[in-house]
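# Residue-level structure breakdown
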Amino acid sequence: MKHHIETFLPFSLPKDSSIWVVDDERFEFRIIEKGLIQSKQAYSMEHLTNVEHLLGRLEKIDEGAEAGPAMIMMDINMRGMNGLEALQAVRKMSSNQSKPYIVMMSNTAHPEDVDHCRRLGANMFIVKPDQLGWYAEFFNSLA
């Protein structure tokens, strides 16, 4: 698969940043997690299996009950509320207007999905790579 990436709003992550991966497929999370391990970056990573869990956690951040992630990597195609709906909801939340950084992921690069992500305030859109090493390079590029 040819890799596709679109950067709308460039960013970098401070050391020891927290990354939340929102994807209903555990297998996809494991691939991303292995890429982070290969990168040797000191980011922490947490898997959220659905959008409802994400939005609940973000509400706790708004209430001051917990610290939020520096970056959210979110699949567009999930059961229930999809990633595009979640992106819109996250950007409407009061304390989450400009952060966290949001990377939207999909298995394909449909132009309408890419444009939708850009318009809704995502920082980046990537087609999920088929090579584990890509994620290691990706995380290293954020440091």
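Shown above is the structure to which this text applies.
The sections below set out a description of the structure shown in this document. Bear in mind the structure is a predicted one, so any value in this text is a computation, not a measurement.

What follows deals with the overall build of the chain. Each helix and strand in the chain was counted, giving five helices and six strands. Ordered by position from the N terminus, the helices and strands of the chain form the series β-β-α-β-α-β-α-β-α-β-α. For 143 residues, the compact-globule estimate of 2.2 N^0.38 gives 15 Å, and the C-alpha radius of gyration of the chain, at 14 Å, lies within 12% of that figure. Burial status across the chain gives 48% buried among its 143 residues. Looking at the chain alone, contacts between residues at least 24 apart form 73% of all its contacts between residues at least 6 apart. Accessible surface, the chain as shown: approximately 7,300 Å² in total, 50% of it carbon and sulfur. Of the charged side chains in the chain, 15 are positive and 20 negative; the average position of the first set lies 4 Å away from that of the second.

Once that is clear, we can look at the nonpolar core. Residues Leu-54, Leu-58, Ile-72, Met-74, Met-104, Cys-117 and Phe-125 are the most contacted members of the largest nonpolar core, which totals 26 residues. Apart from residues lying up to four places away in sequence, Ile-72 is in contact with Trp-20, Val-22, Leu-54, Leu-58, Pro-100, Tyr-101, Ile-102 and Val-103. Grouped together as the second largest cluster of nonpolar side chains are 20 residues, Leu-13, Phe-29, Met-45 and Met-105 included.

Okay, unusual backbone geometry next. Here Asp-16, not a glycine, exhibits a phi torsion of approximately 65°, which is positive. Structurally, Asp-16 is set in the loop between β1 (5-7) and β2 (18-22). The class for Asp-16 is exposed, based on a relative accessible area of 60%. Positive phi values are uncommon outside glycine, yet Lys-40 reaches one of about 70°.

Right, let's get into helix α1 (residues 26-39). Look at α1: 20 Å from first C-alpha to last across 14 residues, which is about the 20 Å you get at 1.5 Å a residue. Looking at α1, one finds that the buried residues are Glu-28, Phe-29, Ile-32, Glu-33, Gly-35, Leu-36 and Ser-39. Across the axial projection of α1, the buried residues extend over an arc of 155°, all falling on one side. For α1, exposure combined with an orientation more than 90 degrees from the buried face picks out Phe-27 and Ile-37. Residues of α1 that are buried make contact with β2, β3 (44-48), β4 (71-75), β5 (101-106) and α5 (132-142). Once α1 finishes, Lys-40 follows within two positions and takes phi at roughly 70°, a positive value.

Next up on the list: the packing of aromatic side chains. Scanning all chains against the criterion turns up four aromatic pairs. Centroid distance Phe-11 to Tyr-101: 4.6 Å. Interplanar angle 15°. Geometry classified as stacked. Highlighted residues: Phe-11 in the loop between β1 and β2 and Tyr-101 in strand β5, separated in sequence by 90 residues. When its relative accessible area of 26% is taken as the criterion, Tyr-101 is described as partly exposed. Residues Trp-134 and Phe-138 carry aromatic rings whose centres are separated by 5.1 Å and whose planes lie at 15° to one another, so their mutual orientation is stacked. Taken together, the residues Trp-134 and Phe-138, both in helix α5 and four residues apart, mark about one turn of the helix. Look at Trp-134 and you get buried, because its relative accessible area is 16%. Residue Phe-138 is classed as buried on the basis of its relative accessible area of 4%.

Reading guide: rules and limits
Residues numbered from 1 in each chain as written. Predicted model: local features only at pLDDT ≥ 70, side-chain atom pairs only at ≥ 80, totals over all residues. Heavy atoms only, no water. Helix = DSSP H or I, 4+ residues; strand = E, 2+ residues; numbered from the N terminus. Rg over C-alpha atoms; globule rule 2.2 N^0.38 Å. Buried < 20%, exposed > 50% of the residue type's maximum accessible area, 1.4 Å probe, protein only. Contact = heavy atoms within 4.5 Å. Areas by Shrake-Rupley, 256 points an atom, 1.4 Å probe, with all protein chains shown as cover. Lys, Arg positive; Asp, Glu negative; His and termini not counted. Charge placed at Lys NZ, Arg CZ, Asp CG, Glu CD. Core = buried A, V, L, I, M, F, W, Y, C linked by side-chain atoms within 4.5 Å. Expected span 1.5 Å × (residues − 1). Arc of directions from axis to C-beta. Phe/Tyr/Trp six-rings, centres within 6.5 Å; stacked < 30°, edge-to-face > 60°.

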